[in-house]
Amino acid sequence: MLEETLLNYSCSDKGLFLPLINEFTWSREVRAFLYFTGLIYCFLGVAIIADIFMCAIEKITSKTRKLVLSSTTSGAEPEVIEIRVWNDTVANLTLMALGSSAPEIMLSIIEIVGNGFKSGDLGPGTIVGSAAFNLLVISAVCVISLPSQETRRIRLIKVFAITSFFSVFAYIWLLIILVAISPNVVELWEALITFLYFPILVVLAYFADKNFFRKDKMKREKQLELESAEDSQREHFLDGHVDKDSLTKYLKEIHKNPQLTDEDAAAAAVTKLMEEKEHSRMWYRVGAIRAITGARKPKPQLNERIRQKCEEMMRELMALKEEETIQSKAYQQILEKEKGLSQKALSRGERQETAIIEFSASACAVMENVGQIAVTVKRHGKTSSQVSCWVETVNGTAEAGEDYVALKEILTFEPEQTQRKVFVQIINDNQWEPDETFFMKLSLDQGSKGEVTLGRTCIMEITILNDDEPGILQFKRRGLLVQENVGTAYVPVIRENGADGIVSTRWRTIDKSAISGRDYHGGEGELIFDHGEVEKNLEIGIIDDFNPEKDEHFEIELFQPSGGAVIGTIKRTTVTITNDDNFNSIMDRLMVLTNVNVDSLKLHSETWVGQLKDAVNANGGDLENATRIDYVLHFLTFGWKVFFALVPPTGFLGGWLTFFVSLGVIGVLTAIVGDLASIFGCLVGLKDTVTAITFVALGTSLPDLFASRTAAKQEKYADNAIGNVTGSNSVNVFLGLGLPWLIAAAYWTSKDVQFTVSTGSLTFSVGLYSAASFICITILMIRRFARVFGKGELGGPSTMAWSTFAVLIIMWFLYILLSSLQAYGHLL
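Residues numbered from 1 in each chain as written. Predicted model: local features only at pLDDT ≥ 70, side-chain atom pairs only at ≥ 80, totals over all residues. Heavy atoms only, no water.

Q: Could you give me a rundown of the pairing of strand S4 (residues 355-359), with the residues and numbers involved?
A: With five of five residues buried, S4 lies mostly within the body of the structure. Sheet analysis places S4 next to strand S6 (residues 372-381), joined by five bridges and oriented antiparallel. Pairing of phenylalanine 359 across the sheet is with valine 377, part of S6. Judged from the three bridges that link them, S4 and strand S11 (residues 452-454) form a sheet pairing that is parallel. By the bridge assignment for S11, alanine 355 is matched with valine 452. (Buried < 20%, exposed > 50% of the residue type's maximum accessible area, 1.4 Å probe, protein only. Helix = DSSP H or I, 4+ residues; strand = E, 2+ residues; numbered from the N terminus. Pairing = 2+ DSSP bridges.)

Q: Could you give me a rundown of the sheet that holds strand S5 (residues 363-367), with the residues and numbers involved?
A: If you trace the five strands from one edge of the open sheet to the other, you get S5-S12-S10-S7-S8, paired in mixed fashion. Since the sheet does not close on itself, it has two edges, and those belong to S5 and strand S8 (408-413), each with one partner. Across this sheet, the average inter-strand angle for adjacent strands is 25 degrees, counted without regard to direction. Here six bridges tie strand S10 (residues 436-443) to strand S12 (residues 459-465), and the two strands are oriented antiparallel to one another. Of the residues in S12, the one forming a bridge with glutamate 436 is isoleucine 464. (Axes fitted to C-alpha atoms, helices over the stretch in contact; angles between N-to-C directions.)

Q: Requested: an account of a nonpolar patch on the surface, with residues and values cited.
A: Taken together, the side chains of Trp608, Phe652, Leu653, Trp656, Leu657, Phe660 and Val661 present a nonpolar region at the surface, about 660 Å² in accessible area. Take the nonpolar patch: its biggest share by element is four residues, from helix H15 (residues 656-684). (Patch = residues over 30% accessible without salt bridge, like charges linked within 9 Å, V, L, I, M, F, W, Y side chains within 5 Å. Areas by Shrake-Rupley, 256 points an atom, 1.4 Å probe, with all protein chains shown as cover. Salt bridge = Lys/Arg side-chain N within 4 Å of Asp/Glu carboxyl O.)

Q: Before we move on, could you go through the packing of helix H4 (residues 122-143) against helix H16 (residues 688-714) and cite the residues and values that matter?
A: In a pair of packed helices, the angle between the axes and the distance between the axes together describe the arrangement. Look at H4 against H16: their axes get within 7 Å of each other, and the N-to-C directions meet at 35 degrees. The element H4 and its partner H16 pack so that their crossing is right-handed. Residue composition of the contact of H4 with H16, grouped by class: 14 nonpolar, eight polar and three charged. (Left-handed = near helix turned anticlockwise from the far one by under 90°. Nonpolar A, V, L, I, M, F, W, Y, C, P; charged D, E, K, R; others polar.)

Q: Give me the lowdown on the packing of aromatic side chains, citing residues and values where you can.
A: One pass over the structure, following the stated rule, counts 28 aromatic pairs. Pairing phenylalanine 680 with phenylalanine 695 gives two aromatic rings, centres 5.3 Å apart and planes at 85 degrees, and the pair type is edge-to-face. Of this pair, phenylalanine 680 sits in helix H15 while phenylalanine 695 is found in helix H16, placing the two residues 15 residues apart along the sequence. On the accessibility criterion, phenylalanine 680 (7% relative accessible area) is buried. Among the aromatic residues, those joined into a cluster by ring pairs are Phe165, Phe166, Phe169, Trp173, Tyr197 and Phe734. Note that lysine 408 overlies the ring of tryptophan 390, its terminal NZ or CZ placed 5.6 Å from the centroid. One residue, arginine 508, lies across the ring of phenylalanine 559, its end atom 4.0 Å from the ring centre. (Phe/Tyr/Trp six-rings, centres within 6.5 Å; stacked < 30°, edge-to-face > 60°. Lys NZ or Arg CZ within 6 Å of the ring centre and 35° of its normal.)

Q: I'd like to hear about the state of the cysteines, residue by residue, with values.
A: Using the criterion set out here, one finds one disulfide in the structure. Two residues share a disulfide in this structure: cysteine 11 and cysteine 682, whose sulfurs sit 1.9 Å from each other. Taking the sign of the torsion about the S-S bond as the criterion, the disulfide between cysteine 11 and cysteine 682, at about -80 degrees, is left-handed. On the criterion of sequence distance, the pair formed by cysteine 11 in the loop between helix H1 (2-7) and helix H2 (28-61) and cysteine 682 in helix H15 is long-range, its members being 671 residues apart. Here cysteine 11 falls in the buried class, since its relative accessible area comes to 6%. (Disulfide = S-S within 2.5 Å.)

Q: Requested: an account of unusual backbone geometry, with residues and values cited.
A: One non-glycine residue with positive phi stands out, namely phenylalanine 117, at about 65 degrees. Structurally, the position occupied by phenylalanine 117 is in the loop between helix H3 (88-114) and H4. One non-glycine residue, lysine 791, lies in positive phi territory at about 55 degrees. With respect to the helices, strands and loops of the structure, lysine 791 is situated in the loop between helix H20 (760-785) and strand S23 (794-795).

Q: Run through the packing of helix H6 (residues 188-209) against helix H19 (residues 738-750), naming residues and quoting values.
A: Running from amino to carboxyl end, H6 crosses H19 at an angle of 155 degrees, the nearest separation of the two axes being 8 Å. Judged by the angle between their axes, H6 and H19 are roughly antiparallel. Crossing of H6 over H19 shows left-handed handedness. Only Gly738, Leu739, Trp741, Leu742, Ala745, Ala746 and Thr749 of H19 make contact with H6, whose side of the interface consists of Leu188, Ala191, Leu192, Thr194 and Phe195. (Parallel < 35°, antiparallel > 145°, perpendicular 65-115°, else oblique. Contact = heavy atoms within 4.5 Å.)

Q: Account for H15, with residues named and values stated.
A: The end-to-end C-alpha separation of H15 is 41 Å, in line with the 42 Å expected for 29 residues at 1.5 Å each. At the C-terminal side of H15, glycine 685 shows a positive phi close to 85 degrees. (Expected span 1.5 Å × (residues − 1).)

Q: Break down the sheet that holds strand S18 (residues 524-529) for me, citing the residues and quoting the values.
A: With respect to topology, five strands assemble into an open sheet ordered S14-S22-S20-S16-S18, the strand pairing being mixed. Strands with a single pairing partner mark the edges of an open sheet, and in this sheet they are strand S14 (479-483) and S18. When the angles between neighbouring strand axes are averaged without regard to direction, this sheet yields 25 degrees. Here six bridges tie strand S16 (residues 503-511) to S18, and the two strands are oriented antiparallel to one another. Residue pairing across strands places serine 504 opposite isoleucine 528, the latter belonging to S18.

Q: Account for the side chain of asparagine 134, naming residues and giving values.
A: Counting through the fold element by element, asparagine 134 comes out in helix H4. Taking the relative accessible area as the measure of exposure, asparagine 134 reaches 5% and is therefore buried. Among the polar contacts listed, one links the side chain of asparagine 134 to the side chain of asparagine 729, at a separation of 3.5 Å. Among residues more than four places away in sequence, those in contact with asparagine 134 are Ser139, Ser701, Asp704, Val725 and Asn729. (Polar contact = N/O pair within 3.5 Å; in protein donor to acceptor, adjacent residues only side chain to side chain.)

Q: Pulling in residues and values, what's your account of the environment of leucine 201?
A: As for its placement among the helices and strands, leucine 201 is situated in helix H6. Note on leucine 201: relative accessible area 0%, which makes it buried. Residues leucine 201 and serine 730 lie 529 residues apart in sequence; the distance between their C-alpha atoms is 8.5 Å. With sequence-adjacent residues up to four places away left out, leucine 201 is seen in contact with Leu93, Ile162, Thr163, Phe166, Ser730, Val731 and Phe734.

Q: Tell me about the confidence of the model for the protein chain, and name the residues and values.
A: For the protein chain, the mean per-residue pLDDT works out to 78, and 77% of the residues sit at or above 70. Contacts from residues 216-242, a stretch scored under 50 in pLDDT, to residues over four places away or in other chains number 35 contacts. (pLDDT = per-residue confidence, 0-100.)

Here it is in structure tokens:
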């Protein structure tokens, strides 16, 4: 009898593997404390191995293929871009959903297999409890995470609609098969259909992502073309490579601060670009896990000094842009005011019914050999009477009698006549001389001022263009030296031995060691000289890249002159592109920083050495930016980190080896978590159902809460914050229950026995969650379209955001309370 008591003490039969030693002599309080501590510690272990598991998934889903695009520039090399093989929606619903839900799914599978293919309460309870926490609590927290009036909307709303439907339908389906079709029994076909809903969900979500549900085929194809173009132009950080154009632009701006060293500028540039880059939900979840384990952060960190300098610089730039905007608006207002005044004066003249006489233009130019010029004088306002005015010429640089024939006469407008022409004789000679000007002036007699008035254009300038020497066009020098970071090379072309008339010349670039499209923006064009212009610049864009290279050159040639001009002796010039030593030193330092610390831009290490380095050092070795809490968390999780560093790195077999090994480790750990949770619940008087929806659900879902909150604050859209929650909840049922039930049903069917599932607490919890999920999704859709909420699922006015938070949190507490009361028999 004594031996039986030693072997069958309190709660010793609750675990599959635990307890490992006899705990008969331990007090219940000590055992509860130790099991609770072990449960928390194992949750940290699950989080760390899940981090490695998700890094493997990120490695797999980030696989790319090269796409060659034809060049728009003749003779230039084709552009090669990298695009992802995995569709984002498919990746989110398959591998990434498995990554975030692996502990719950593995716990459900292990519980059934460990119980001899009999259904338990811990696995299904954890799945439903996690779903309730994910949808209600995470959504509530994300709604209030944004500043007041700021909103976030779900971008892939069609995908969200599909996953939302299945997230509700999945749990209603559980009620149908457990209560309506075959009460307390899961038949083989029911389990099979439950599991097959998973690929159906993935296929429908993929079709929604690609707009295959559009009725208009042409619109659908056009949308796919636009999406492909956007994907090809989207900035990627693939395998640690940053977008060069954006990095160069930001680096040039930040390096203007003389208090920042080259290393500081490089670190700030990388950090800035990582902040602006769109990240996956996986990236945010890994960041959340590492924040609670003191591990290396996926986002580069800046020390306080550099951060302050960068913030000061950005504030100065914003202030400068704001000042320029204000000045521009003020200038525009002045122009509009002057325009309004002139229109008002004109309308006043019209209302007074006075004839207004003025020239049709304020200036004109004619060639010297034109003979005579016809100048138009117009009348508007009152046109019913006869009016007249004086018109006369006035010398400028052109002299009457030498360059033109003087004119002074009375110009008369008959009734209803609105236009008259005045002819001025131009004197042509054979001697070259510069362009000259004279004027024509309108004036009124004293007696006619009441009936007629002069308009604003009462003086006209006339320029006589010499047509004797159009000039010779050629380059100013035979060669030009420019630095690679100059942006634009200005190549001077001069006009000699004459500058009269409009002339032009064609030009083209000729590749040498510098290639158009790769080193500069070349091509062909036309350079036009207006009359009197003697020097103009050809503008050639110079491409600045990160690659240190030798000096390169290309040529520019002038040909096909027009307008009487001819091409001079210097018809070709050579432009040599040299490296900017100062700027290249910064680029070299940046590339060294990027290459040496390439792991800081990745989620995963691809070697065992890198994994061990991250494991034994707080904050992954970045001690300068490590905080006290990082050291504490690193100390608490040191054992897990070192042990899991032995998992094969993602550099092997494209991440697949890491995937399967870490999945196996997750399975072992979740089995231990299941035992710890069951024994702890038994010791403190909690049923497995209550333990599952509280402690276990919270322990597996807290990293998702932190990840979603960060994504809500940093992303432009709400997809990574709450858009993936519904998909994850659906996958939990289809894989977390469908797969183990399929295995158990197949096992019992082979023995001609029915697979029974207790429907008491599970069906009540599922029904309660189904109602809460429908209400939650309805609230989110109302927030999306209602102006009072700011037309966004997240954020909006503070009052409405906190109201939404309160409603969702209350529903979650009611779910926990009612499910617990029902489990203990206080509710039917």
